[in-house]
Amino acid sequence: MRLLHTSDWHLGQFLHNYERTHEHEQFLAWLVDTVASESVDVLLIAGDIFDNANPSAASQRQFYQFLQQVKQRAPHLQIVVIAGNHDSPGRLEAPRPLLEGMKVTVVGHARRLDTGEIDLDQLLVPLHRPDGSVGAWCLAVPFLRPGDVPRVETDGDPYMEGIALLYRQALDRAAEKREAHQAIIALGHCHMTGGEISADSERRIVVGGSEALSDQMFDDSVAYVALGHLHKAQRVGGREHIRYCGSPLPMSFTEVDYAHQVLCIDLDGENVADIREIRVPRTVELLRIPRRPAGVEEALAALHALELPATDAHLNAYLEVRVRLDGPEPGLRARIEAAIEGKPVRLAKIDTSYAARIQEHAAPVSVDDLGALQPDEIFKRLYQAKYQAEAPSEQLAAFGELLLAPDQQSS
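The structure presented is a predicted model; accordingly, all values stated were derived computationally and were not measured.

Q: Talk me through the side chain of S247; I want residue IDs and the actual numbers.
A: Within the secondary structure, S247 sits in the loop between β12 (239-244) and β13 (261-268). By relative accessible area, which is 1% here, S247 ends up buried. Of the polar contacts made by the side chain of S247, one reaches the backbone oxygen of L249; its length is 2.9 Å. Only 3.5 Å separates the side chain of S247 from the side chain of E255, close enough to count as a polar contact. Setting aside residues up to four positions removed in sequence, S247 forms contacts with S7, D8, H231, E255, H260 and Q261.

Q: Can you break down empty space enclosed by the protein residue by residue, with the values?
A: Per the stated rule, a full pass over the model turns up 2 cavities of 30 Å³ or more. If you add up the space inside the second largest cavity, you get close to 80 Å³. Lining the second largest cavity are E23, F27, P248, L249, P250, H260, V280, P281, R282, T283 and V284. Along the lines of polarity and charge, the residues of the lining of the second largest cavity split into 7 nonpolar, 2 polar and 2 charged.

Q: Any details on helix α1 (residues 21-37)? Residues and values, ideally.
A: Taking 1.5 Å per residue, 17 residues should reach 24 Å; α1 reaches 24 Å between its end C-alpha atoms and fits that length. For α1, the set of buried residues is E23, H24, F27, L28, W30, L31, V32, T34 and V35. Looking at the packing, one finds that the buried side of α1 touches β1 (2-6), α2 (57-73), β13, β14 (271-279) and β16 (317-325). At the C-terminal side of α1, S39 shows a positive phi close to 55 degrees.

Q: Can you break down the sheet that holds strand β17 (residues 345-354) residue by residue, with the values?
A: Taken together, the 3 strands give an open sheet; going across it, the order is β15-β16-β17, and neighbouring strands pair in parallel fashion. Strand pairing shows two members of the sheet lacking a second neighbour, β15 (286-294) and β17, which therefore form its edges. The mean angle between the axes of side-by-side strands here comes to 15 degrees, regardless of whether they run parallel or antiparallel. Relative to β16, β15 runs parallel, the two sharing 5 bridges. From the neighbouring strand, A294 faces β16, where its bridge partner is V323. Of the strands in this sheet, β16 and β17 are in contact with helix α7 (residues 332-339), which crosses β17 at around 140 degrees.

Q: Tell me what's going on with the sheet that holds strand β4 (residues 42-46), and back it up with residues and numbers.
A: With mixed pairing, the 6 strands of this open sheet are ordered in space as β6-β5-β4-β1-β13-β14. The open sheet is flanked by β6 (104-107) and β14, the only strands paired with a single partner. For this sheet, the mean inter-axis angle between neighbouring strands, taken without regard to orientation, is 20 degrees. Sheet topology note: the β1/β13 ladder contains 4 bridges and is antiparallel. In the sheet register, H5 faces β13, and the bridge partner there is L263. Along the sheet, α1 contacts β1, β13 and β14; its crossing angle with β1, the most-contacted strand, is approximately 165 degrees.

Q: Which residues make up the packing of α1 against α2, and what values go with them?
A: Axis separation between α1 and α2 bottoms out at 9 Å; the angle between their running directions is 20 degrees. Judged by the inter-axis angle, α1 sits roughly parallel to α2. Considering only the axes of α1 and α2, their crossing is right-handed. Residue-level contacts link T21, H24, E25, L28, L31, V32, D33, V35 and A36 of α1 to Q62, F66, Q69, V70 and R73 of α2. For the contact of α1 with α2, the residue count by class is 7 nonpolar, 4 polar and 3 charged.

Cut-offs applied
Residues numbered from 1 in each chain as written. Predicted model: local features only at pLDDT ≥ 70, side-chain atom pairs only at ≥ 80, totals over all residues. Heavy atoms only, no water. Helix = DSSP H or I, 4+ residues; strand = E, 2+ residues; numbered from the N terminus. Buried < 20%, exposed > 50% of the residue type's maximum accessible area, 1.4 Å probe, protein only. Polar contact = N/O pair within 3.5 Å; in protein donor to acceptor, adjacent residues only side chain to side chain. Contact = heavy atoms within 4.5 Å. 1 Å grid on protein atoms, 1.4 Å probe; cavity = no way out; pocket = protein on both sides within 12 Å on 5 of 7 lines; lining within 4 Å. Points joined across faces, edges and corners; volume = space filled by probe spheres on them. Nonpolar A, V, L, I, M, F, W, Y, C, P; charged D, E, K, R; others polar. Expected span 1.5 Å × (residues − 1). Pairing = 2+ DSSP bridges. Axes fitted to C-alpha atoms, helices over the stretch in contact; angles between N-to-C directions. Parallel < 35°, antiparallel > 145°, perpendicular 65-115°, else oblique. Left-handed = near helix turned anticlockwise from the far one by under 90°.

What follows is the structure, given as structure tokens:
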């Protein structure tokens, strides 16, 4: 059997106010071609299909059009989808009766039986070979919220230990169901110990004191673990068969150098024969200029020197300008926009940092003292702490005008 592992599409995502419909369209079209050309038997989608729990109609249409198109190209294809922390479990599962007729299984949440116990069988999906026989069992475990996990009496974190217990219970049930030469595949959306995060684009999902789940949840009986949530493709704990495939599109400028990809997994009986990385082509480039924060004049010079070939407007590169400031620069944005005028780029972000940082050991101000300070005195102290200099008279005058504005409006 051949599996393809992808996750974290975030359909409907905006990159600093720029919508990314065209980029997602291009990725999904490429994915349809890849499924067909690679003769994939099972497509595993490990959560965060949408960027938020209330996706737009256009984003939902994009997802369902993909399902229709990929099934037209590969009628035998089986698809397993789990919800991520960005997805609405109920919304994702709503069309499940229709999708099951297309060999698409969607698991949005962990259901409970009338007894109150978790329905483990609902989390187990048989994966079929091209001849229709069962070649593997998939633990399709969606992102788990505190109410989704078994209650555990423990001195540690009951939520995290409840997640680990649920995976163990599901693994035990899979071991009972599988027959000789059938593999066990785990599909999850979670943060594993040692996973490298993308700081600007990943929402913290761990609740409680623990930081992440241990990869020791998965014993040697599990042939492959297909994970979602972390946007950087990586192995977990150095183990080849426990993988994040990463997001197919860069979700922030911190991901500009990530190798975005999907993973192709070949099974031989109950074991993995091969894991292959397939790079996702990038439709729109991300530029960070300068590569490291620089002074205003150096940054502007780099922008003036920027030369790019002309292209369609929706393919213009996203631009982050990185500037190190020594003091306020009220006209900075206008100067940057003038420097890039006529160039095929879209100014997405101006990242400013300061040479002078707030003094770490500055004397703290008590609540009582703060209440006694006048607003202009607070402004002076903040300016001094940030720029290591006295506030200029014109800055103080402008601040004074802002303070007077409400009084003037009321009079």
